[in-house]
Amino acid sequence: PFSLTKQTITGDSMNSNPQVQIYDTTLRDGSQGEGVSFSVQDKLKVARLLDELGVQYIEGGWPGSNPKDIDFFNHARDMEFKNSKLAAFGSTRRAKNAPEDDPILAELLRSDAPVITLFGKSWTFHVTEVLRTTPETNLEMIRSSVAYLKSFGREVIYDAEHFFDGYKNDSGYALASLEAAVTGGADLVALCDTNGGSLPWEVEETVKAVIARVAAPVGIHTHNDSDLGTANAVAAIRAGAVQVQGTMNGWGERIGNANLCSIVPVLQLKMGRRCLPDERLARLTETAHKVSDLANVVPQENLPFVGRSAFAHKAGMHVDAVYKNPQTFEHIDPEKVGNVRRFLISELAGGSSVAGKAKEFGIDLTKNSPETKAILDRLTRMENEGYAFEGAEASFELLIHRALGEHRPLFELCNYQVVIDRDRDDVERIVATVKINVGEKTYLTAAEGDGPVNALDGAMRQALRAAYPEIDEIHLVDYKVRVLSAEEGTAAKVRVLIESSARDDAWNTVGVSTNIVEASWHALVDALEYGLRYSQIAQQRSAA
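If you're wondering where the values come from, they're calculated on a predicted model, not measured in any experiment.

**Q** What am I meant to see in the pattern of salt bridges here?
**A** Pairing of side chains with opposite charge becomes possible as their charged atoms draw close. According to the stated counting rule, one finds 24 salt bridges in the structure shown. With a closest N to O distance of 3.0 Å, K150 and D187 form a salt bridge. Of the two residues, K150 sits in helix α5 (residues 135–150) while D187 sits in the loop between α7 (171–184) and β6 (188–193), which places them 37 residues apart along the sequence. The class for K150 is partly exposed, based on a relative accessible area of 26%. Its relative accessible area of 32% is what places D187 among the partly exposed residues. Taking the shortest distance from any N to any O, the salt bridge between R422 and E428 comes out at 2.7 Å. The class for R422 is partly exposed, based on a relative accessible area of 45%. Under the relative-accessibility criterion, E428 is labelled partly exposed at 41%.

The structure is reproduced here in structure tokens:
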């Protein structure tokens, strides 16, 4: 029943290749993702990072929906944004309220944000079932809400919620909802694939139809429920949209929002659509990881472009080819997005992998040398026993030195013993005794600990401290155990990974055994050997 007449297209959507506006909603939509939580101070720091990255819009939250977002906007008033505009998010007025009496619109204005992003209903199903009002009333809610906010001089972006579903159901009404926003003075209308169920060609065709009918620039807001959030956003830009909304790392409700960390490089590096200055694009990986740190979320290693594995090569044939020319197995230069190329070591490695990794350690090898073959043989044998060196490069560096006959251990184990004693009051006491040789001296030491590994670590440190006082700067940061063959039950082998650090240096080591204490011992010995011999503290001690 609703229809529109064709209108003249204005704004950037007429240009053949305009710059794409990046609208980041990490602090609002992204924070709705499971496991993502920001404090007010976290949000302010993320906003600063996004401004430094150069995104055009930062959506700070929904003022009035919770005290945290109100507090954020109160603090954000004092921030100076060099590259970004701050946006406040909220809904159109309620059906029973006049705009000037609506508390949601009042809170949006009180935020003092220069941009207000208003969402409304484009799908009659939501109008009748969620808002419980008439389609005509909903259109007036959209128009009057936008007009009221515009009367205060704010830039207003209208987010057409569930637009693609609404367009499939009743294209005339969906378009009429956009016309209502444009009539009210909206500066841009963003089409939302809120349920994330649309397909790229559907998005492209619909965006083209909207641009042909609506007299305002068009943006796109997609979700990743069908794993097509990035594809749908790119399809919309290809069809003529000039703004893309998304989140860092693809965070968001359910499966997440379209991932700006993928969209921006695709648009800029592959489609020639300017999003960020080149020097700021090179900060993308760093920014993505810092935002993860602030949210206390472990960065997803297999994310495109910014993940740790995005440019990691494992198969020997691949590594050999990349050494000859990186374009053989890399679609872009990782430095353009601030990432780095990595070569992984495993039983799949070839001579090029080993030689390349050795070069990183300052060891000169060729891929066909006898030494390289000896290292490969040792690597294959140890991996077959359950070792994995991808996440334990310190152990692999020690393996190389041992295979080359260059390694002279700083200490030698005579024996160790761990005793777990529980008294009548059910109080547990764990004591480790270690006997080791350091040069010509033999040390027998004991230490209590919170567990066997902690006790062993303490006993070893007591024995080594006289010869190597810098051992006090080495700290055990993380400890992981993985059962390698669960079907063998308690007789299964376990792999222990230990992360250690000293000053600004960090390294990982590995141990394998059917005995968890022995596996931990091997990883712990490597950790201390590496720290004392090859870490920054060892290098600085040597230089002194």
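**Q** Is there a simple way to explain the sheet that holds strand β16 (residues 505–513) in this structure?
**A** What holds strands together in a sheet is hydrogen bonding between their backbones, with the strands either parallel or antiparallel. The antiparallel open sheet is built from three strands, whose spatial order is β14-β15-β16. Two strands close off the open sheet at either side, each with one partner strand: β14 (475–483) and β16. Averaged over all neighbouring strand pairs, the angle between strand axes comes to 15°, with direction disregarded. With eight bridges joining them, β14 and strand β15 (residues 494–502) adopt antiparallel strand pairing. Residue pairing in the sheet places D478 in a bridge with E499 of β15. Contacting β14, β15 and β16, helix α18 (residues 516–533) crosses the sheet at an angle of about 150° to β16.

The rules behind the values
- Residues numbered from 1 in each chain as written.
- Predicted model: local features only at pLDDT ≥ 70, side-chain atom pairs only at ≥ 80, totals over all residues.
- Heavy atoms only, no water.
- Salt bridge = Lys/Arg side-chain N within 4 Å of Asp/Glu carboxyl O.
- Helix = DSSP H or I, 4+ residues; strand = E, 2+ residues; numbered from the N terminus.
- Buried < 20%, exposed > 50% of the residue type's maximum accessible area, 1.4 Å probe, protein only.
- Pairing = 2+ DSSP bridges.
- Axes fitted to C-alpha atoms, helices over the stretch in contact; angles between N-to-C directions.
- Contact = heavy atoms within 4.5 Å.

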